[in-house]
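Residues per chain, in single letters:
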Amino acid sequence: MKAVHFGAGNIGRGFVGLLLHEGGYELVFSDVATALVDAINAADEYTVHEAGPGGRDRVVTGFRAIDSSADPDAVAAEVATADVVTTAVGPAVLRFIAPHIVAGLALRDPDAAPLQVMACENAIGATDTLREHMQVSAGTGWDALVARAVFANTAVDRIVPGQPEAGGIDVTVEPFFEWAIERHPFGAHPPRIPGAHFVDDLAPYIERKLFTVNTGHATAAYLGARAGHERLSDALADEAVAAGVAAALEETSALLAAKHGFAPEDLAGYRATILGRFRNPVLPDTVRRVGRQPLRKLSRHERFVGPAAEAAERGLPVDALLAAIGAALAFDDPEDEQSAELRRLLAELDAATFTARVTGLEPSHPLFPRLTHTVESAQSG
Ligand SMILES: NC(=O)c1ccc[n+]([C@@H]2O[C@H](COP(=O)([O-])OP(=O)(O)OC[C@H]3O[C@@H](n4cnc5c(N)ncnc54)[C@H](O)[C@@H]3O)[C@@H](O)[C@H]2O)c1
Ligand SMILES: O=P(O)(O)OC[C@@H](O)[C@@H](O)[C@H](O)[C@H](O)CO
């Protein structure tokens, strides 16, 4: 069995690659970072260090890597004979991966079992998005190729911080992980991924994850950055930050209970587990990594505006989410392109134009005036 994984970064090596290896797949990483590709090819094994209670070291073997910008034909050839393709590249990069998978499908034996495609990004329907990019890339050839693959959306959860260069290709991660995958696309032949669980309806899982883990994480990062903290665990140790995170998650939990029928006590337990994960003092995570790409995080269906808009539609409270958005608007990391763009847009646009452009919220939406007010406050303060 063979898996091609696009994106050999933190979650690629520290989670997706690890579980595919443990499932028995030969692993082919594809990345565009030449030095990383070279380092992977120079190694016979790497270690995933699980930092925190219950964690242990896990060794990954049986892998190689291809630089997809230098050798796209090699990537296509690997995809053609793979059983599984996964991605962890960031939602905006999926459009660049799509042509490689299409090229692989074009080379694939039409009688082979369908390629199992799963995008493992922090985004709702990321595999659907990848499939749409593939359809565009294939053009009129799509009808002939689409039967050679099946597509499943997934929700992946494991905190994998940025890694120090001195660590080579080893990865330090938290011990916790969860990987939920849509069941129906695979019929009787799901991929073999130990610890993953297959579900009939992914929507409650991905929304619970994105609107709890990622809403809480980003709230901690933005409130923490504004309070001068660098480490995520230090931000959580700040009572004011922790209170802001707890309040934002009370609001998203109320939405998740109303929308998906989760029991409030189960959501309270889920929140407590997650806050414990954020507080992990031996996980070297930073507010810069967690706050990265704030424009993506402020977009319409993402971790803040997504739940706040739906909560507002239902008449549920959104004050703490708006406070978190206010902190996001203050995020200033000159090395993060989106942070710099955010600062430029805040300086140049009026509040209503900024709100519409950055959040994608319709001006007629009940949240729009409150969001605009939050933007005005950020601009004046
Ligand atoms: N790190 C986490 O805790 C975590 C957890 C769950 C999900 N995720 C999601 O996984 C994705 C990746 O996150 P990460 O933290 O691993 O980021 P990362 O920056 O560590 O890794 C991304 C990798 O993708 C590579 N890449 C960029 N463009 C590429 C291309 N065109 N083709 C192939 N590879 C390309 C980069 O070189 C990099 O190695 C994101 O969507 C993120 O939200 C991350
Ligand atoms: O990867 P992002 O930028 O969408 O979000 C940053 C973190 O919140 C995220 O990577 C978490 O560590 C991860 O989603 C935990 O499962």
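Residues numbered from 1 in each chain as written. Chains lettered and ligands numbered in written order. Predicted model: local features only at pLDDT ≥ 70, side-chain atom pairs only at ≥ 80, totals over all residues. Heavy atoms only, no water.

Comments concerning the packing of helix α4 (residues 94–107) against helix α5 (residues 126–138)
Then, in step 1: Two elements in contact, α4 and α5, have axes whose closest approach is 8 Å; the angle formed by their N-to-C orientations is 65°. Between α4 and α5 lies a crossing of right-handed hand. Across the interface between the two elements, Leu 94, Arg 95, Ile 97, Ala 98, Pro 99, Ile 101, Val 102 and Leu 105 of α4 pack against Ala 126, Thr 129, Leu 130, His 133, Met 134, Ser 137 and Ala 138 of α5.
Then, in step 2: Here the contact of α4 with α5 is composed, by residue class, of eleven nonpolar, three polar and one charged. (Axes fitted to C-alpha atoms, helices over the stretch in contact; angles between N-to-C directions. Helix = DSSP H or I, 4+ residues; strand = E, 2+ residues; numbered from the N terminus. Left-handed = near helix turned anticlockwise from the far one by under 90°. Contact = heavy atoms within 4.5 Å. Nonpolar A, V, L, I, M, F, W, Y, C, P; charged D, E, K, R; others polar.)

Points about the pairing of strand β3 (residues 45–50)
Then, in step 1: Relative to strand β4 (residues 57–61), β3 is paired through five bridges, and the arrangement is antiparallel. Along β4, the bridge assignment pairs Tyr 46 with Val 60.
Then, in step 2: The antiparallel hairpin formed by β3 and β4 contains six residues in its connecting segment, where Gly 52 sits at a positive phi of about 130°.
Then, in step 3: Alignment of β3 against strand β10 (residues 171–173), held across three bridges, turns out to be parallel. Note that in β10 the partner of Glu 50 across the bridge is Val 173. (Pairing = 2+ DSSP bridges.)

Focus on the pattern of salt bridges
Then, in step 1: By the definition in use, this model includes 22 salt bridges.
Then, in step 2: When the shortest N-O distance is used, the salt bridge between Glu 50 and Arg 158 registers 3.0 Å. Taken together, the residues Glu 50 in strand β3 and Arg 158 in the loop between β9 (154–157) and β10 connect sequence positions 108 residues apart. Grouping residues by exposure puts Glu 50 and Arg 158 together as buried.
Then, in step 3: Glu 302 is paired through a salt bridge with Arg 296; the nearest N and O atoms lie 3.8 Å apart.
Then, in step 4: Assessed through its relative accessible area of 5%, Glu 302 is described here as buried.
Then, in step 5: Three or more residues joined by partner-sharing salt bridges are found here, namely Lys 2, Glu 26, Arg 64 and Glu 78. (Salt bridge = Lys/Arg side-chain N within 4 Å of Asp/Glu carboxyl O. Buried < 20%, exposed > 50% of the residue type's maximum accessible area, 1.4 Å probe, protein only.)

Description of the confidence of the model for the protein
Then, in step 1: Per-chain confidence: the protein averages 97 in pLDDT, with 100% of residues scoring 70 or above.
Then, in step 2: Model confidence for the complex is summarised by a pTM of 0.97, with the ipTM given as 0.99. (pLDDT = per-residue confidence, 0-100.)

Points about unusual backbone geometry
Then, in step 1: Unlike most non-glycine residues, Gln 293 shows phi in positive territory, near 55°.
Then, in step 2: With respect to the secondary-structure elements, Gln 293 resides in the loop between α11 (287–291) and α12 (294–297).
Then, in step 3: When its relative accessible area of 32% is taken as the criterion, Gln 293 is described as partly exposed.

Focus on the site of ligand 1
Then, in step 1: Ligand 1 sits among 26 residues. The nearest are Asn 10, Ile 11, Asp 31, Glu 121 and Val 160.
Then, in step 2: Between ligand 1 and Ile 11 there is a distance of 2.9 Å, counted from an oxygen atom to a backbone nitrogen or oxygen.
Then, in step 3: Measuring from an oxygen atom of ligand 1, one finds a backbone N or O atom of Arg 158 at 3.1 Å.
Then, in step 4: Burial of ligand 1 by the protein chains amounts to 84% of its free accessible area of 820 Å².
Then, in step 5: At a threshold of 2 Å from the grid points, most atoms of ligand 1 map onto the largest pocket.
Then, in step 6: When contributions to the shell around ligand 1 are tallied by element, the ones reaching two or more residues are α1 (10–22), β2 (26–31) and α4.
Then, in step 7: Along the lines of polarity and charge, the residues of the shell around ligand 1 split into 14 nonpolar, seven polar and five charged. (Near = heavy atom within 4 Å. Polar contact = N/O pair within 3.5 Å; in protein donor to acceptor, adjacent residues only side chain to side chain. Areas by Shrake-Rupley, 256 points an atom, 1.4 Å probe, with all protein chains shown as cover. 1 Å grid on protein atoms, 1.4 Å probe; cavity = no way out; pocket = protein on both sides within 12 Å on 5 of 7 lines; lining within 4 Å. Sits in = over half its atoms within 2 Å of the grid points.)

Overview of the domain arrangement of the protein
Then, in step 1: For the protein, the assigned domains are domain 1 (2–200) and domain 2 (204–380).
Then, in step 2: Computed over C-alpha atoms, the centres of domain 1 and domain 2 are 28 Å apart.
Then, in step 3: In this assembly, 24 residues from domain 1 lie in contact with 24 residues from domain 2.
Then, in step 4: When domain 1 packs against domain 2, close to 1700 Å² is buried across both sides, 65% of that on carbon and sulfur atoms. (Domains from an automatic or database assignment. Buried area = accessible area lost by both parts, 1.4 Å probe.)

Concerning the sheet that holds β10
Then, in step 1: Strand order in the open sheet made by the three strands is β4-β3-β10, with mixed pairing throughout. Of all the strands in the sheet, just β4 and β10 have a single pairing partner and so form its edges. Neighbour to neighbour, the strand axes of the sheet diverge by 25° on average, direction disregarded.

Considering the nonpolar core
Then, in step 1: Judged by nonpolar contacts, the single largest core of 51 residues is most densely connected at Phe 304 and Phe 354.
Then, in step 2: Ranked by the residues each element gives to this core, the list is headed by helix α14 (residues 319–329), at eight residues.
Then, in step 3: When near neighbours in sequence (up to four residues on either side) are disregarded, Phe 354 contacts Leu 329, Leu 342, Leu 345, Leu 346, Leu 349, Thr 359 and Val 375.
Then, in step 4: Ranked by size, the runner-up nonpolar core spans 35 residues in total, among them Phe 15, Val 37, Tyr 46 and Val 156. (Core = buried A, V, L, I, M, F, W, Y, C linked by side-chain atoms within 4.5 Å.)

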